[in-house]
Amino acid sequence: MHIIHLLKPRRGCGDDCRENKETYSTMLKICEREEEGWLDDGEIKRFPRHDLYIINKLWVQYSEGKFGFSVQQRIWQAKKDCKRFAYKVGWVASLANNEWVKYEEYTFSLDAPKGHFPSQKC
């Protein structure tokens, strides 16, 4: 099945952020890791570039440039620290006490911090 048909994009995130869940599910399908439910470093490094490009393009396009792997990459390059990156994209509530935001408490809208999605948490 073609990746664009798997993601079926729509504008913005809904209450359950279907797009984020579909992205992760699609990535698992592409890597044939649905049973495991996660990707390791090897699968991430071997992930087909064309599929990654399409996933990123859809996120950037339908979020008006707020979300996508390329957005996250720019933030990472500026921070180069996992905790500071996670704080900047809204996954960590406080740097002082390393308090990670629960997935259910994510902001599932275009009001979320830049780079908030996609996220591996689902």
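Quick note: structure is the one above.
What comes next concerns the included structure. (Residues numbered from 1 in each chain as written. Predicted model: local features only at pLDDT ≥ 70, side-chain atom pairs only at ≥ 80, totals over all residues. Heavy atoms only, no water.)

**Points about unusual backbone geometry**
Of the consecutive residues F117 and P118, the connecting peptide bond is found in the cis state with omega at 0°. Note that P118 resides in the segment after β2 (99-100). Look at E32: it is not a glycine, yet its phi comes out positive at around 55°. With respect to the helices and strands, E32 occurs in the loop between α2 (18-30) and α3 (41-46). Using a relative accessible area of 68% as the deciding quantity, one classes E32 as exposed. (Helix = DSSP H or I, 4+ residues; strand = E, 2+ residues; numbered from the N terminus. Buried < 20%, exposed > 50% of the residue type's maximum accessible area, 1.4 Å probe, protein only.)

**A closer look at the environment of Q72**
Counting through the fold element by element, Q72 comes out in helix α5 (residues 69-79). The spacing of Q72 and K88 is 16 residues in sequence and 9.7 Å in space, taken between C-alpha atoms. Residues in contact with Q72, not counting those within four places in the same chain, are F85, W91, G115, H116, F117 and P118. (Contact = heavy atoms within 4.5 Å.)

**Regarding the packing of aromatic side chains**
Given two aromatic rings, one states the distance between the centres and the angle between the planes to describe the pair. Under the counting rule described, the total for this entry stands at 10 aromatic pairs. With a centroid separation of 5.6 Å and an interplanar angle of 25°, the aromatic rings of F108 and F117 are classed as stacked. Note on F108: relative accessible area 16%, which makes it buried. The exposure class assigned to F117 is buried, which follows from its relative accessible area of 0%. (Phe/Tyr/Trp six-rings, centres within 6.5 Å; stacked < 30°, edge-to-face > 60°.)

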